[in-house]
Amino acid sequence: MNSPFLVTPQWLEQHLHDADLVLVDVRMSPAGLTPKKDMRAEFERGHLPGAVYFDIDDVADKSSTLPHMLPDAEAFSRAAGELGISENSTLVFYDEGNQFSAPRGWWTFRNFGAKRVYVLDEGMSGWTARGNALESGPAKRPAAVFNASFNPAAVVDMAQVEQALGSDIQILDARAAARFYGDAPEPRPGLHRGHIPGSINIPYGELLENGRVKSLVALRETFSAKGVDINGPIIVSCGSGVTAAVLAFGLLSLDAPQVRLYDGSWSEWGLLDGKQPIATK
């Protein structure tokens, strides 16, 4: 069995014209890429039919110096409504097909109160691989009302992570192993190398197989092999709170009851002028 939050390209072919369906493109420019890719231009060059583009970098807390921190409920409501999305829409999020950013879109809308939220398995590449066409140009959907109600229990801040150190709370890090162990530089300037002491490295790609999200059995085995108790309290993190949502997606697919995301992640914890403890082994 696969995650209950996944839909396949085949499913989408049959439901593409459902009245309540909204396809949401959440492709992102990779961290550290200079200059950044113009993702809105990429969207207008080609996207799934009828999709709208949700900019994770833009619909964010602009008062924070950290990248794409969650906005408040009012700003989120406004942005979602302008895209023609209501909390009662059936939402399907997609990225290129590597599940880099689609789960962050899924996680964000879910925690602002959207009720039917899914991720497209294999993303855009899976759609086109079946011979399906893309659409070009800007998105066109009538505005809607999104009544946001944020779930604060889904997120932790730095103080809560500090309190979790040395406790029974498991901290998972979705970054590549070389970054976790400090063998590779961070893609963002101004950050130490290393990881939060006591955290467990599960690179987000380990939840995928040939670009597809692993089956529930294989997901459970992946977490178990890393020593994770999915029934215990868990904080997921990464470089900036995006691929941490891939771990959250996998865990919540397995009905893990206590999953929270550290939105600041290494972009906050690893700051060169910070005083947080850092490990490299």
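Computed from a predicted structure; not experimentally measured.

(A) Quick peek at the side chain of S89. Looking at the element boundaries, S89 is found in the loop between α3 (73–82) and β4 (90–94). Relative accessible area serves as the criterion here: at 9%, S89 is assigned to the buried category. Engagement of the side chain of S89 in a polar contact is seen with the backbone nitrogen of S86, the distance being 3.1 Å. Other than its neighbours up to four places away in sequence, S89 contacts D20, V22 and R116.

(B) Seen up close, the pattern of salt bridges. Taken as a whole and judged by the stated rule, the model has 13 salt bridges. A salt bridge links K62 to D58; the nearest nitrogen and oxygen atoms lie 3.1 Å apart. Residue class for K62 comes out exposed when judged on its relative accessible area of 59%. Where R179 meets E186, a salt bridge forms, and the shortest distance between an N and an O atom there is 2.8 Å. Using a relative accessible area of 18% as the deciding quantity, one classes R179 as buried. In this structure E186 comes out as buried when scored by relative accessible area, which is 12%. When salt bridges with common partners are traced through the structure, they connect D173, R175, R179 and E186 into a single cluster.

(C) Just helix α8 (residues 216–225), in detail. By the burial criterion, the buried members of α8 are L216, A218, L219, T222 and F223. Buried residues along α8 cover an arc of 165 degrees about the axis, so they all sit on one side. Every exposed residue of α8 that faces more than 90 degrees away from the buried side is listed here: V217, E221 and A225. Where the residues of α8 are buried, they touch β7 (170–173), β10 (212–213) and α9 (244–253). Looking one or two residues past α8, G227 carries a phi angle of roughly 80 degrees, positive in sign.

(D) Expanded view of the sheet that holds strand β12 (residues 259–262). In spatial order, the strands read β6-β12-β11-β7-β8; together these 5 strands make up an open sheet with parallel pairing. The outermost strands of the open sheet, each flanked by one partner alone, are β6 (155–156) and β8 (200–201). Alignment of β7 against β8, held across 2 bridges, turns out to be parallel. In the strand pairing of β8, L172 is matched with I200. In the packing of α9 onto the sheet, contacts are made with β7, β11 (234–237) and β12, and the angle to β11 comes to roughly 145 degrees.

Rules of the game
Residues numbered from 1 in each chain as written. Predicted model: local features only at pLDDT ≥ 70, side-chain atom pairs only at ≥ 80, totals over all residues. Heavy atoms only, no water. Helix = DSSP H or I, 4+ residues; strand = E, 2+ residues; numbered from the N terminus. Buried < 20%, exposed > 50% of the residue type's maximum accessible area, 1.4 Å probe, protein only. Polar contact = N/O pair within 3.5 Å; in protein donor to acceptor, adjacent residues only side chain to side chain. Contact = heavy atoms within 4.5 Å. Salt bridge = Lys/Arg side-chain N within 4 Å of Asp/Glu carboxyl O. Arc of directions from axis to C-beta. Pairing = 2+ DSSP bridges. Axes fitted to C-alpha atoms, helices over the stretch in contact; angles between N-to-C directions.

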